[in-house]
Amino acid sequence: MKKTTGMDRAITKRWRPATQAVRGGTWRSEHGETSEALFLSSGYTYDDAQTVADRFAGEADGMTYSRLQNPTVAMLEERIALMEGAEACRAQASGMAAMTAALLCQLSAGDHVVGARAAFGSCRWLLDHLLPRFGIETSVIDSTDNAAWEAAIRPNTKVFFFETPANPTLDVVDLECVCGLARSKGITTVVDNAFATSALQRPLDFGADVVAYSATKLMDGQGRVLAGAVCGSQQFIDELLLPFQRNTGPNISPFNAWVVLKGLETLSLRALRQSENAVALGKAIEDRVPRMLHPGLASHPRHQMAVTQMVATGPIFAFDVGTREKAFALLDALELIDISNNIGDARSLMCHPASTTHAGMTADAREEMGVTEGLLRINVGLEDIEDLVDDMGQALEKAGF
Ligand SMILES: *Cc1c(COP(=O)(O)O)cnc(C)c1O
């Protein structure tokens, strides 16, 4: 296979992000295809026995088995790493495979993790249930309280784990402060950047160590495949993540990797337009709903921080209509916007987190993290903003607002 400039860091590092998004990681075969090839192959063959022996000994480059390497997956990993400004990236089967690998690859019994209280339901499950089962202590805090991060540190604290903006309450974490604190104490920060992606926010630029992704969301962007990724230093990836991944196998299918690779070409365009639509829709309904949680609006407690550390505030916001009955009435009255718990899609999708994405938590835990019974979360898509405003307007009216 011919190595083109897309895999040559000396060249690709000089490219600006828009160029990296469409060309970074391109690794052409001898056929010279324009669009990246899909290598649906689990295994590889060798011209002679010494070649494979050298590859297994780590003395020669080349593929050996798709749990270890795959050309299509390698293209995705290189493109994500370039866009993120990371030394290295490894793709995973899903966002949760990425979060699990990013945490378990570096933690051992006796370690302590500080995590954000407001988080995707399964991320909270890792903190509340999985890690403690293996003797790893966890504390959950209000991630918007800078002093709470410092107060939660113990001598055995190894990792800070948070999302920003967080799912579904849109809590914004002070990246510079929290990552700086972690650095000064030798703690590794793992940032779940699914709501923003590198198109809108690059946590490594603020001192984060590891960025973990659900690529199912904005990166695919069209609601097709499950995918994930972990980005970090070459040392973190080679010494901690790779041994974990290669031996436990949370690998992405080459097909799914290919779909996401193509999605990345338009990521920035989609993320910016969807962010614009989200601000416009939020402004249009802000005065009609009892409580708005939208980092792109001045009413958000950390609006200024959000617009400073992000390029744009993303496609997702939430609002509270008071009760589950009113929330359901609003959802049921929608004609264009779909009822769906997915996010990052080019379609506008809306859901009731307390009965869906966060239904697995206790009512008390939901209440504590702000997932109230009247909370609705919306992913704003690429439709015409006037149609979205019209649909939301008529649904609010039918629900009595
Ligand atoms: C969706 C999501 C995940 C999980 O990703 P999957 O691809 O569904 O496994 C993790 N974190 C956040 C913030 C998410 O939105």
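If you look the protein up in an unreviewed UniProt entry, it shows as O-succinylhomoserine sulfhydrylase from Altererythrobacter epoxidivorans.

A.B. asks: Help me understand the domain arrangement of the protein in this model?
C.D. replies: Accessible area lost during the coming together of the parts is what is often quoted as the interface size. On domain assignment, one finds that the protein holds domain 1 (5-264) and domain 2 (268-398). For domain 1 versus domain 2, the distance between C-alpha centres works out to 27 Å. In total, about 2800 Å² of surface goes out of reach between domain 1 and domain 2, with carbon and sulfur atoms giving 61% of it. Along the contact surface separating domain 1 from domain 2 lie zero salt bridges. Here the residues of the side of domain 1 that touches domain 2 sort into 16 nonpolar, twelve polar and five charged.

A.B. asks: Which parts of the structure should I look at to understand the sheet that holds strand 6 (residues 210-214)?
C.D. replies: Strand pairing in a sheet is mediated by backbone hydrogen bonds. Such pairs are either parallel or antiparallel. The sheet built from seven strands is open, its strands ordered 1-7-6-5-4-2-3 with mixed pairing. Looking at strand neighbours, the two that pair on one side only are strand 1 (88-92) and strand 3 (137-141), the edges of this open sheet. When strand polarity is set aside, the average angle formed by the axes of neighbouring strands in this sheet is 20°. By the bridge criterion, four bridges tie strand 6 to strand 7 (residues 228-232) in an arrangement that is antiparallel. Residue Ala212 lies in a different strand from strand 7, and its bridge partner there is Val230. Against the sheet, helix 4 (residues 71-84) touches strand 1, strand 6 and strand 7, its axis set at about 130° to strand 1. Of the strands in this sheet, strand 1, strand 6 and strand 7 touch helix 9 (residues 234-248), which is tilted by about 25° from strand 1.

A.B. asks: So what exactly am I meant to see when it comes to the UniProt feature "modified residue: N6-(pyridoxal phosphate)lysine" (unreviewed entry) in the protein here?
C.D. replies: The UniProt entry lists Lys217 under the feature "modified residue: N6-(pyridoxal phosphate)lysine" (unreviewed entry), expressed in the numbering used here. Inspection of the secondary structure puts Lys217 in the loop between strand 6 and strand 7. By relative accessible area, Lys217 is classed as buried at 12%. If we ignore the near neighbours within four places in the chain, the residues touching Lys217 are Asn342, Ile343 and Gly344.

Scoring rules and cut-offs
Residues numbered from 1 in each chain as written. Predicted model: local features only at pLDDT ≥ 70, side-chain atom pairs only at ≥ 80, totals over all residues. Heavy atoms only, no water. Domains from an automatic or database assignment. Buried area = accessible area lost by both parts, 1.4 Å probe. Salt bridge = Lys/Arg side-chain N within 4 Å of Asp/Glu carboxyl O. Nonpolar A, V, L, I, M, F, W, Y, C, P; charged D, E, K, R; others polar. Pairing = 2+ DSSP bridges. Helix = DSSP H or I, 4+ residues; strand = E, 2+ residues; numbered from the N terminus. Axes fitted to C-alpha atoms, helices over the stretch in contact; angles between N-to-C directions. Contact = heavy atoms within 4.5 Å. UniProt positions renumbered as here; feature names shortened; annotations may be inferred. Buried < 20%, exposed > 50% of the residue type's maximum accessible area, 1.4 Å probe, protein only.

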